[in-house]
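Remarks on the overall topology
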Amino acid sequence: MSQAAHDDVVDKYPATLRILHWLRALLILGLIAAGWTMTSLDDETAAKFEQLYPLHKSFGVLVFLVVLVQLGIRAMSRLPGPAELPAHERVLSHVVHVAIYALLLIVPLMGYAMSSSFTQSDGVTFFGIHLPELLPKNDSWFRIFQFLHKTLAYTLLALVGLHVLGALKHRFFDANPKADVLPRML
């Protein structure tokens, strides 16, 4: 490989993308834990509606914004080339990544739609800033958005699990050290 070609090789994601990746991972885990907690609490528990729901909504909006920033940075950055994986694993990895990014945008949008359409909801706030409600109050639509938010959140969780398992497989079980993708994100 010539020196010029070698200079074009990027072996790590830009620091901003690495930081945002791990921040987003923590936010997603926190949102899932908060979602499980708040939906399991009795409706008479004051903290459920006064603290957990507003925080869940705020952090959901934050994830949405982080993903938009990540996508913008990705579009303007030099990124590492594909890892040396068998073709079927490279395709699976690409599909999982695209699906994760899509769901990281769709799940918060479904949460917003759910909160916006519920007749007993006062909408969505972003750490105290009230966001405009763009949908009419309609409990029939609320139930659809609620189903989609929950189902797609679990789908996202499954894909994140597959993503983590794939990274661990490439790290600890693949014979080719160039299949190890984890150092690119550390």
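A brief structural summary.

**Quick look at the packing of helix α2 (residues 15–40) against helix α5 (residues 139–172)**
- Across the interface, α2 lies against α5 with an axial gap of 12 Å and an inter-helix angle of 135°. Judged by the angle between their axes, α2 and α5 are oblique. Where α2 crosses over α5, the two elements pack in a sense that is left-handed. Of α5, the residues touching α2 (which contributes His21, Ile28, Ile32 and Trp36) are Tyr154, Leu156, Leu157 and His163.

**Considerations on helix α3 (residues 46–76)**
- Taking 1.5 Å of rise per residue, 31 residues should cover 45 Å, and α3 covers 45 Å from first to last C-alpha, within 8% of that figure.
- At leucine 52, α3 shows its maximal kink, close to 30°; a proline, proline 54, follows between one and four residues later.
- Looking at α3, one finds that the buried residues are Lys48, His56, Lys57, Ser58, Gly60, Val61, Val63, Val66, Val67, Gln70 and Ile73.
- On its buried side, α3 packs onto α2, α4 (87–117), β1 (125–126) and α5.

**A closer look at the nonpolar core**
- Ile28, Val63, Val67, Ile100, Leu104 and Leu156 are the most contacted members of the largest nonpolar core, which has 21 residues in total.
- Listing elements by their share of this core, those giving two or more residues are α2, α3, α4 and α5.
- Top element by residues in this core is α4. It accounts for seven residues.
- Those residues in contact with isoleucine 28 that sit more than four places away from it in its chain are Val63, Leu104 and Leu156.
- Core analysis: the next-biggest nonpolar cluster, separate from the first, contains five residues, Met110, Ala113, Met114 and Phe142 among them.

**Some details on the environment of leucine 148**
- Within the fold, leucine 148 resides in helix α5.
- With 42 residues separating them in the primary sequence, leucine 148 and isoleucine 106 have C-alpha atoms 9.3 Å apart.
- Not counting residues up to four positions away in its chain, the partners in contact with leucine 148 are Met110 and Ala153.

**Details of the packing of aromatic side chains**
- Taken as a whole, this structure holds six aromatic pairs when the rule is applied.
- Centroid distance tryptophan 36 to tyrosine 154: 6.5 Å. Interplanar angle 35°. Geometry classified as tilted. On the criterion of sequence distance, the pair formed by tryptophan 36 in helix α2 and tyrosine 154 in helix α5 is long-range, its members being 118 residues apart.
- For tyrosine 154, a relative accessible area of 39% gives the class partly exposed.
- Taken together, the ring pairs connect Phe59, Phe126 and Phe127 into an aromatic cluster.

Thresholds applied
- Residues numbered from 1 in each chain as written.
- Predicted model: local features only at pLDDT ≥ 70, side-chain atom pairs only at ≥ 80, totals over all residues.
- Heavy atoms only, no water.
- Axes fitted to C-alpha atoms, helices over the stretch in contact; angles between N-to-C directions.
- Helix = DSSP H or I, 4+ residues; strand = E, 2+ residues; numbered from the N terminus.
- Parallel < 35°, antiparallel > 145°, perpendicular 65-115°, else oblique.
- Left-handed = near helix turned anticlockwise from the far one by under 90°.
- Contact = heavy atoms within 4.5 Å.
- Expected span 1.5 Å × (residues − 1).
- Bend = angle between axes of the 7 residues up to and from the residue.
- Buried < 20%, exposed > 50% of the residue type's maximum accessible area, 1.4 Å probe, protein only.
- Core = buried A, V, L, I, M, F, W, Y, C linked by side-chain atoms within 4.5 Å.
- Phe/Tyr/Trp six-rings, centres within 6.5 Å; stacked < 30°, edge-to-face > 60°.

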